[in-house]
Amino acid sequence: MRCWVVGLTIFTATFLALFALTSLTKPPFRLNRKVIAKLPYAPSNLLITDLDSDGHPEILAEADGETPVWSRSPFGEPSTVHVKGCSVVWTTLWVAIAPNIPIRAVPVWVGKKLRLLRWQNGKVVFEPLPPLPDEAFDHASLEGGWTGKVFLAAYLGENAWVFVLTEKGDWKFAGKFTSAGFREPVIDDLADLDKDGKLDAICTPWSPEWACVVWGNGKGESELGEWSSHGSPLVSDLNGDGWDEIAMVAPKPQPHLQIWRFAPKQGKLRVIAKSPPLGLAAHDFFWQLFDLDKDRLREIVVWNYGHQRWLVFKFEGGNLKMWQGAAEGTHFPPETIRIGRHDFLVTEKAKQVILFPPLIWIDKDFKLRWELEKWMDCAVFWELPEGKDALMPSKWKKYEATFDFLFAADIDGGGKDEVIGRDARGRVRLYWFRKTKSGELRWQSWLLDRRYPQTLVLIQDGGRRGLCVGWDDGTVELLTVQ
């Protein structure tokens, strides 16, 4: 019994000493936290809005089937409005994070009809969306594509009405499209592919996996053929000639990359470039567009988590040029962040982490337990060199962290992203790093919370910037860094 007490005392003292050593590290900034809303549910999304049209952004929290809660004046004295009698149209996380445009009217369901939620004369109003018919719709969604457009698509039978979010935060009617594929939510992106002044819809019905373009001029649709469901067709001006191309992975006879573009002389879409077979199984890869070499043109990045390979394609001179390299251990779609003067792709891998200090507890039988290591998903940072070398995965430098990457954004406006992550104990931390003389990354962190963040979004009001976090207990908090 005496040895047990001595052992517990030693372990407790060691734990407290190590905890103080790791927890009292002071960050090179001042962090301010403010609760701006308390919700009766865990928010699935936070939308940046300007419902009162005063030029200052606010936050609207929502979850599927729940009453949206509007938080006014997040940088000042916030007040909340519970908007009853409606639910927000399903949104993707892309809509909340990518555009820096406060939405002045939020599409909502009132019963089974679509309305725009506004704030006028001190009260909530619901407005119709002309020329939308005042009927019960099959489905509607807020989407965002690689062309940078945020749009509302409302589906009824074989028809879809599309509204595009303008730079002022309003919804502009973009056109009505008709296709048999609209029996499922299908529009992935909008682009004027044929340059006739009308937006065209790039579509991928959920079943079967068959891609097509529905023309905005009412001339029907053009088939792109079967596509790989792990990554929808991506749209961008890949070679800088002023025409948008469509990049997609066709799975047969073997998965390969296709580049489609509208041919004015033939008056139709055609394949203008193909890659050799990618050497990938049909469902063990993802792919996205990134401007790796900073020439304002995007490259196609494919990562194969089955065979641990990066593939980078650049469409140049009418051909697809390819570079490849190892991607050991990564199993998570990457995103780009900037830390200091360095650009990184961030992925994740499972690895065994040593707990420092060790996790110590007493179980229900009053026995002393401890955990010295555990398996967890950890962030992998791939540093990109400058210029054309950034296209070569073999020249990317890999750094492995010991935390789970959640979010990155330039919270303080200093020109570099701050990183939000979760440590081996499940606690959320704000991370920053320094580079040693040997070129290694040394991470430091500051404990934010032990709760789990459901959604995060960056908000900016003039020179004021902050990170809005929706926690799993329904609290919405504004974090600002100075």
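Preceding this section is the structure that the text describes.
Here's a quick rundown of the structure. (Residues numbered from 1 in each chain as written. Predicted model: local features only at pLDDT ≥ 70, side-chain atom pairs only at ≥ 80, totals over all residues. Heavy atoms only, no water.)

Quick notes on the overall build of the protein chain
Piece 1. Each helix and strand counted, the protein chain has 2 helices and 36 strands in total.
Piece 2. Counting over 482 residues, the protein chain shows a buried share of 50%.
Piece 3. Summarising the internal contacts of the protein chain: among those between residues at least 6 apart in sequence, 46% fall at separations of at least 24.
Piece 4. Accessible surface for the protein chain amounts to roughly 22800 Å². Of this, 52% is attributable to carbon and sulfur atoms. (Helix = DSSP H or I, 4+ residues; strand = E, 2+ residues; numbered from the N terminus. Buried < 20%, exposed > 50% of the residue type's maximum accessible area, 1.4 Å probe, protein only. Contact = heavy atoms within 4.5 Å. Areas by Shrake-Rupley, 256 points an atom, 1.4 Å probe, with all protein chains shown as cover.)

Quick notes on the pairing of strand β13 (residues 171–178)
Piece 1. As judged from the 7 bridges shared by strand β12 (residues 159–165) and β13, these two strands associate in the antiparallel manner. Paired with W161 across the two strands is K176, which belongs to β13.
Piece 2. What sits between β12 and β13 in their antiparallel hairpin is a turn of 5 residues, with G169 showing a positive phi close to 90°. (Pairing = 2+ DSSP bridges.)

Topic: the nonpolar core
Piece 1. In terms of nonpolar packing, the biggest core is built from 33 residues, with W287 and I300 touching the most fellow members.
Piece 2. Mapped onto this core, the elements with two or more residues apiece are β16 (210–214), β18 (234–236), β19 (245–250), β20 (256–263), β21 (268–274), β22 (285–290), β23 (299–304) and β24 (309–316).
Piece 3. Those residues in contact with I300 that lie beyond four places of it in its chain are L238, A247, L257, I259, W287, Q288, L289, L311, V312 and F313.
Piece 4. Counting residues in each nonpolar core, the second largest holds 31 residues, with I103, W109, F137 and V150 among its members. (Core = buried A, V, L, I, M, F, W, Y, C linked by side-chain atoms within 4.5 Å.)

Brief notes about unusual backbone geometry
Piece 1. For the bond from P130 to P131, the omega torsion is 5°, close enough to zero to count as cis.
Piece 2. Take P131: it is sitting in the loop between β9 (123–127) and β10 (139–144).
Piece 3. In the Ramachandran plot, K294 falls in the positive-phi region, its phi being about 60° despite a non-glycine side chain.
Piece 4. By relative accessible area, which is 56% here, K294 ends up exposed.
Piece 5. Of note in the backbone geometry, R296 takes a positive phi value of approximately 70° without being a glycine.
Piece 6. Checked against the element boundaries, R296 lands in the loop between β22 and β23.
Piece 7. Residue classification places R296 among the exposed residues on the basis of a relative accessible area of 80%.

Brief notes about the environment of A247
Piece 1. Within the element layout of this structure, A247 appears in strand β19.
Piece 2. According to the relative accessible area criterion, A247 is buried, its value standing at 0%.
Piece 3. Separated by 15 residues in sequence, A247 and S232 have C-alpha atoms that sit 8.9 Å apart.
Piece 4. Apart from residues lying up to four places away in sequence, A247 is in contact with P233, L234, L238, Q258, I259, W287 and I300.

Quick word on the pattern of salt bridges
Piece 1. Counted under the stated rule, the structure contains 29 salt bridges.
Piece 2. The partner of K395 in a salt bridge is D389, and the shortest N-O contact between them spans 3.4 Å.
Piece 3. Given the relative accessible area of 31%, D389 is considered partly exposed.
Piece 4. Of the charged contacts in the structure, one is a salt bridge between R429 and D423, with a shortest N-O distance of 3.0 Å. The same class applies to R429 as to D423, namely buried.
Piece 5. Here the salt bridges share partners, and the residues they tie into one network are R33, K38, D449, R451, D473 and E477. (Salt bridge = Lys/Arg side-chain N within 4 Å of Asp/Glu carboxyl O.)

Here we look at the sheet that holds β20
Piece 1. Ordered in space as β18-β19-β20-β21, the 4 strands form an open sheet in which the pairing is antiparallel. Both outer strands of the open sheet, β18 and β21, are each paired with one neighbouring strand and no more. Ignoring strand direction, the axes of neighbouring strands in this sheet form an average angle of 30°.
Piece 2. Taken together, the 6 bridges between β20 and β21 define a ladder with antiparallel strand orientation. Of the residues in β21, the one forming a bridge with R261 is R270. (Axes fitted to C-alpha atoms, helices over the stretch in contact; angles between N-to-C directions.)

Focus on the sheet that holds β16
Piece 1. If you walk across this open sheet you meet the 4 strands as β14-β15-β16-β17, and the pairing is antiparallel. Edge positions in the sheet fall to β14 (187–191) and β17 (221–226), since each of these pairs with one other strand and no more. Sheet twist, expressed as the mean angle between neighbouring strand axes with direction ignored, is 20°.
Piece 2. Here β16 runs beside β17; their pairing, made up of 5 bridges, is antiparallel. By the bridge assignment for β17, A211 is matched with G225.

Things to note about the packing of aromatic side chains
Piece 1. One pass over the full model with this rule turns up 20 aromatic pairs.
Piece 2. Where F381 meets F405, the ring centres are 6.4 Å apart and the plane angle is 90°; that geometry is what we call edge-to-face. With F381 in strand β28 (residues 368–384) and F405 in strand β30 (residues 404–409), the pair connects residues that are 24 residues apart, well separated along the chain. There is no split in this pair, since F381 and F405 are both buried.
Piece 3. Ring centres 5.5 Å apart and planes at 50° place the aromatic pair F433 and W443 in the tilted group. (Phe/Tyr/Trp six-rings, centres within 6.5 Å; stacked < 30°, edge-to-face > 60°.)

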